[in-house]
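# Coordinate inspection notes
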Amino acid sequence: MLLALLLAWFTLVRPAVRSAAGEAATEAVQPRPTPAGEQEAAGESPGTGADSRPGGDGQEPVTEAGAAGSGGDGSGSTAGGGTAVGGQQSSATIDLKTGTGATRTGTYKVPENSVFGVTDIVVANFQGDEGVMTISFGDRKITTIALETFRNQDYHWVTPIKISENDTVTIDVTCAKPGTPATGRQAPECHEVLNVSGVLSTTTR
């Protein structure tokens, strides 16, 4: 019986065990294909690691802002029909005194062949006068304010308000009652100051 068991081991069981072990080892060392989802997560397309377009290098073409034919918004054009060239920071001050009961106008005129892009204005009523002030850019009324409601007031614009050549920044002041400055004595007349600043550009036609 023992001899029969030994013969069965060597002829049947042992070869089957060796075959199963060999198959398991072969399967363990064979590379498995990577799923498509994992390839995409790694930043690669199946079958290629570069731009699939002819001559592509994986980068999008760059278009310069404001280039001809790029569909710009025309922000370089002026109301006078010219084109603004360059530009530098500029400011102007209007200092206006008005008698009691009177109305006076102070102006700043934009030079010829220029356009003034206004971004900031500061208004001073340092005496505390009473009356009304109207601020205009060309024929556009910007605001009308009561003098007694402020001593210093400022306005700012992200997009400049453009004023063409020979147009004006204007303040119209009607003095109802002069205020009392730091001296403690009532002033003989109203006194307002407007500072306007922005970019002054030359124009070509």
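Below: a short report on this structure. (Residues numbered from 1 in each chain as written. Predicted model: local features only at pLDDT ≥ 70, side-chain atom pairs only at ≥ 80, totals over all residues. Heavy atoms only, no water.)

### Side note on the pairing of strand S4 (residues 130–137)
The test is simple: Burial status follows relative accessibility: with a 1.4 Å probe on protein chains alone, a residue under 20% of its type maximum counts as buried, one over 50% as exposed, and anything between as partly exposed. Labels follow the DSSP assignment, with helices taken as runs of H or I lasting at least four residues and strands as runs of E lasting at least two, numbered in each case from the N terminus. Pairing between strands requires that DSSP locate at least two bridges from one strand to the other.
Of all eight residues in S4, six are buried; the element is thus mostly enclosed. Note that S4 and strand S7 (residues 168–177) share eight bridges and pair antiparallel. Of the residues in S7, the one forming a bridge with Glu130 is Lys177. Pairing between S4 and strand S5 (residues 140–146): six bridges, direction antiparallel.

### A word on the packing of aromatic side chains
For any pair of aromatic rings, geometry is given as the distance between the ring centres together with the angle between the planes. Filter applied, for reference: Note on aromatic pairs: the rings of Phe, Tyr and Trp (six-membered ring only in Trp) are paired at centre separations within 6.5 Å, and the planes decide the class, stacked below 30 degrees, edge-to-face beyond 60, tilted for the rest.
Counting across every chain of the model gives two aromatic pairs. Judged by centre distance (6.0 Å) and plane angle (65°), the rings of Phe137 and Trp157 are edge-to-face. Of this pair, Phe137 sits in strand S4 while Trp157 sits in strand S6 (residues 152–163); the two residues are 20 residues apart in sequence, bridging distant segments of the chain. With relative accessibility at 24%, the residue Trp157 sits in the partly exposed group.

### Some details on the sheet that holds strand S2 (residues 103–109)
Our working definition: Orientation is described by axes fitted as lines to C-alpha atoms, over the contacting stretch for helices, and by angles from 0 to 180 degrees between their N-to-C directions.
Strand order in the open sheet made by the four strands is S2-S7-S4-S5, with antiparallel pairing throughout. In the strand order of this sheet, the two ends are held by S2 and S5, each with one partner. When the angles between neighbouring strand axes are averaged without regard to direction, this sheet yields 15°.

### A word on the state of the cysteines
What counts, and what does not: Cysteine sulfur atoms that come within 2.5 Å of each other are treated as a disulfide pair.
Inspection of every chain in the model, using the stated rule, returns one disulfide. There is a disulfide in this structure between Cys175 and Cys190, and the S-S distance comes to 2.0 Å. The S-S bond linking Cys175 to Cys190 shows a torsion near 70°; that makes this disulfide right-handed. Linking Cys175 in strand S7 with Cys190 in strand S8 (residues 190–204), this pair joins segments that are 15 residues apart in sequence. Given the relative accessible area of 1%, Cys175 is considered buried. When its relative accessible area of 0% is taken as the criterion, Cys190 is described as buried.

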